[in-house]
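Descriptive structure summary
Chain by chain, the residues run as shown.
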Amino acid sequence: MESRSEKRELSIYIHIPFCVKKCNYCDFLSFAASDSQQERYVNMLQKQIISQGQVMSQYKIRSIFIGGGTPSILKADQVDRIMEAVNKACQYRDSFQQNEPEVTIEANPGTLTKEKLRVYKELGINRLSMGLQSASDQELQILGRIHNYKTFRENYDMARELGFQNINVDLMSALPSQTMSSYQNTIEEVVRLNPEHISAYSLIIEEGTEFYKKYAIHGESKELPSEEEERDMYKMTKKMLESAGYKQYEISNYAKKGHESRHNLSYWTGIEYLGFGLGASSLLNHVRYYNERNAEIYMEKIEKNQKVMHIEENLSEADEMAEFMILGLRLTNGVNGDEFTKRFQLGIFEKYGTIIKKYQLLDLIKVRGNRIYLTENGISVSNQILIEFLPEND
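How each quantity is defined
Along each chain, the written sequence defines residue order, and numbers are assigned to residues from 1. Only residues with pLDDT of at least 70 get local features here, since the model is predicted, and only at 80 or more are side-chain atom pairs given and counted; chain-wide, interface and lining totals rely on the full set of residues. The side-chain numbers reported here are obtained from all heavy atoms of the structure, hydrogens and water having been left aside. UniProt positions are given in the numbering used here, feature names are shortened, and annotations may be inferred rather than shown by experiment. A carboxyl oxygen of Asp or Glu within 4 Å of a side-chain nitrogen of Lys or Arg is what we treat as a salt bridge. When accessible area is computed with a 1.4 Å probe and restricted to protein chains, residues below 20% of their type maximum are described as buried, those above 50% as exposed, and intermediate ones as partly exposed. Here a helix means four or more residues in a row that DSSP labels H or I, a strand means two or more in a row labelled E, and each is numbered from the N terminus. For helices, the fitted axis covers only the stretch in contact; all axes are lines through C-alpha atoms, and the angles between them, taken along N-to-C directions, range from 0 to 180 degrees. Crossing handedness follows the turn of the near helix against the far one: under a right angle anticlockwise gives a left-handed crossing, and clockwise gives a right-handed one. In what follows, residue pairs with any heavy atoms lying within 4.5 Å of each other are defined as contacts. In the analysis that follows, any N or O atom pair within 3.5 Å is treated as a polar contact, provided that within protein one partner can donate a hydrogen and the other can accept it, and provided that, for residues neighboring in sequence, both atoms belong to side chains. What makes two strands pair is DSSP finding at least two bridges between them. Stacked, edge-to-face and tilted are the three classes for Phe, Tyr and Trp ring pairs, Trp counted by its six-membered ring, which pair at centre distances within 6.5 Å; planes under 30 degrees apart are stacked, over 60 edge-to-face, the rest tilted.

- Named according to an unreviewed UniProt entry, the protein chain is Heme chaperone HemW originating from Anaeromicropila populeti.
- Of the comments in the UniProt record for the protein chain, the one headed Function (unreviewed entry) reads "Probably acts as a heme chaperone, transferring heme to an unknown acceptor. Binds one molecule of heme per monomer, possibly covalently. Binds 1 [4Fe-4S] cluster. The cluster is coordinated with 3 cysteines and an exchangeable S-adenosyl-L-methionine."
- The heading Subcellular location (unreviewed entry) in the UniProt record of the protein chain holds the text "Cytoplasm".

Spelled out as structure tokens, the structure:
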């Protein structure tokens, strides 16, 4: 029998698609739903999780991430039942005795209560990811958020009082009408709170969102910061957070020592993951899957014991090499050439030497020993660089 230490690691993602209301910038698979719809979904989600117990038993659970949507919109007993299903399927609580898995739940201010937080703690949820986005009430209103900064502070303080010692705060820059000064104030406010992890993303106007209608279709982009201002906000984020003791370990993520997100690192370092819930993705044994994306069909199929997990693509070795580079170069440590050779039986310069040398000459990529990573200038144009590693551009 394979021992726990010999098993490959697996990360689990659980999607809760419900929100109080859709934010103006959001293109995630999320929507408002009635209490009865949410209850039915939770029941079907439990059923899907338990059905994959045999698959999960083959792995060691590295991390569990309950994302959305707004997972904290669920009642405490609904989260309890979801986690009970996970434990029934893979006994993740046994892992706490040896190698405690990271268990995260996303929470939006205005949806948390003391009861919910107490239940989360009892269930072994040891990390909160809180969506602040901005400390400016005006900017929060523009984004379509349901909370103000005061509500965030109340929820954050409540989580600390109840013993949460690993909290991430999400921030956004390049917002409509945002200035360098207002963004600087947001960073200062969050740094004062001393969370263990900060994710700082630049706004992207996605098709199908309210912002897309306003800024892309109707062309009201004058309210958005310029590209130069956006770059300056990125540089300011890095400078302010690093001076406050946060290490940038990925393009948009900063952490106190030892608090890098294990779940996020799973995606960026090629660890397998299994997704539950509407539209969730999985990567198992070189195959990428997606779950049914229509809520009614998803629930009907589970009720009838039919498959909701579909093959999206079988990854070729060329695909996996490209992913190794594209995801790995998002990390500030970059990629390890020895790991590439060990995994693919091919030298990294033999495969990608032309691309690497091209960007070395432009001071956008650095090579140090066996590590290859983007320079600070390289990070600012990372999309342009990373696309060259795609198989069709190889």
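Let's talk about the pattern of salt bridges
- Evaluation of the coordinates by the stated rule reveals 22 salt bridges.
- Here E292 makes a salt bridge to K301, at a shortest N to O gap of 3.8 Å.
- Residue E292 is classed as buried on the basis of its relative accessible area of 14%.
- A relative accessible area of 21% means that K301 is categorised as partly exposed.
- Between K358 and E388 there is a salt bridge, and its shortest N-O distance comes to 2.7 Å. Of the two residues, K358 is situated in helix 14 (residues 348-361) and E388 in the segment after helix 16 (382-386); the sequence distance between them amounts to 30 residues.
- Using a relative accessible area of 39% as the deciding quantity, one classes K358 as partly exposed.
- Look at E388 and you get buried, because its relative accessible area is 18%.
- Residues joined in a network through salt bridges with shared partners are E9, R62 and R262.

Some details on the packing of helix 12 (residues 317-328) against helix 14
- Two elements in contact, helix 12 and helix 14, have axes whose closest approach is 12 Å; the angle formed by their N-to-C orientations is 65°. As helix 12 runs across helix 14, the sense of the crossing is right-handed. Along the contact surface, helix 12 presents A318, M321, A322 and M325, while helix 14 presents I348, K351 and Y352.

Describing the side chain of N126
- Among the structural elements, N126 can be located in the loop between helix 4 (114-122) and strand 4 (127-133).
- A polar side-chain atom of N126 sits 3.1 Å from the main-chain carbonyl oxygen of P101.
- Within the structure, the side chain of N126 is placed 2.8 Å from the backbone nitrogen of V103, a separation counted as a polar contact.

Let's talk about the sheet that holds strand 13 (residues 335-336)
- The strand order across the open sheet formed by three strands is 13-15-14, and the pairing between neighbours is antiparallel. The two strands at the open ends of the sheet, each matched to only one other strand, are strand 13 and strand 14 (365-368).
- Pairing geometry for strand 14 and strand 15 (residues 371-374), over four bridges, is antiparallel. In the sheet register, K366 faces strand 15, and the bridge partner there is Y373.

Some details on the packing of aromatic side chains
- For the coordinates displayed, the defined rule picks out 14 aromatic pairs.
- Aromatic pair Y13 and F65: ring centres 6.2 Å apart, planes at 20°, arrangement stacked. Of this pair, Y13 sits in strand 1 (residues 8-16) while F65 is found in strand 2 (residues 59-68), placing the two residues 52 residues apart along the sequence. By the burial criterion, Y13 is buried, and F65 matches it.
- Seen in terms of ring centroids, Y149 and F152 are 5.8 Å apart; in terms of plane orientation they differ by 25°. Their pairing is stacked. Separated by three residues within a single helix, Y149 and F152 lie in helix 6 (residues 149-161), roughly one turn from each other. We note that Y149, like F152, is buried.

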